[in-house]
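Now for the letters of each chain:
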Amino acid sequence: GYITKRSAPEQLVKAIQQVHNGKRFLTDKAVEALEGLSTMEIRVNDLIEQYIQGKVSIEEVSTETAKLSMAISFATTVITQITTTFKEIQNLPV
């Protein structure tokens, strides 16, 4: 599960319950971020089609592709760090 420090206490309780029951939990903001990546990917695919049709330049396609690549790289880094931190927390002595 993923939750931020600024999340409401109710969200924290819900997250703990879901993760405890073996389910995944993402805050609304995390879902929005992932949806943003999907939107960027759709934009890049549309630009590629437009480039094939001669409607946009390769520079425009390249710029949007680079933005998408950086966003995916950042998201991957954040998810990896969250996963590592979560595993470390699970291994703490109680």
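A brief report on the enclosed structure follows. (Residues numbered from 1 in each chain as written. Predicted model: local features only at pLDDT ≥ 70, side-chain atom pairs only at ≥ 80, totals over all residues. Heavy atoms only, no water.)

1. Examining the environment of Thr80
If you trace the backbone, Thr80 turns up in helix 3 (residues 58-90). The class for Thr80 is partly exposed, based on a relative accessible area of 45%. Along the primary structure Thr80 and Gln17 are separated by 63 residues, whereas in three dimensions their C-alpha atoms are 22 Å apart. Within the structure, Thr80 has its side chain in polar contact with the backbone oxygen of Thr76 (distance 2.8 Å). (Helix = DSSP H or I, 4+ residues; strand = E, 2+ residues; numbered from the N terminus. Buried < 20%, exposed > 50% of the residue type's maximum accessible area, 1.4 Å probe, protein only. Polar contact = N/O pair within 3.5 Å; in protein donor to acceptor, adjacent residues only side chain to side chain.)

2. Observations regarding a nonpolar patch on the surface
A grouping of Leu26, Val31, Leu34 and Ile79 is seen on the molecular surface, where their side chains present a nonpolar patch of about 310 Å² in accessible area. With respect to the helices and strands, the residue Ile79 is situated in helix 3. When its relative accessible area of 48% is taken as the criterion, Ile79 is described as partly exposed. (Patch = residues over 30% accessible without salt bridge, like charges linked within 9 Å, V, L, I, M, F, W, Y side chains within 5 Å. Areas by Shrake-Rupley, 256 points an atom, 1.4 Å probe, with all protein chains shown as cover. Salt bridge = Lys/Arg side-chain N within 4 Å of Asp/Glu carboxyl O.)

3. Structural notes on helix 1 (residues 9-20)
Along its twelve residues, helix 1 runs 17 Å from first to last C-alpha, staying within 8% of the 16 Å computed at 1.5 Å per residue. Phi for Gly22, located one or two positions after helix 1, is positive at around 80°. (Expected span 1.5 Å × (residues − 1).)

4. Looking at the pattern of salt bridges
Tallied over the full model, the rule gives two salt bridges. Measuring nitrogen to oxygen at the nearest pair gives 3.6 Å for the salt bridge that ties Arg43 to Glu60. Of this pair, Arg43 sits in helix 2 (residues 28-52) while Glu60 sits in helix 3, and the two are 17 residues apart along the sequence. Under the relative-accessibility criterion, Arg43 is labelled partly exposed at 36%. The shortest N-O distance in the salt bridge between Glu64 and Lys67 comes to 3.2 Å. Of this pair, Glu64 and Lys67 are both found in helix 3, three residues apart, which corresponds to roughly one turn of the helix.

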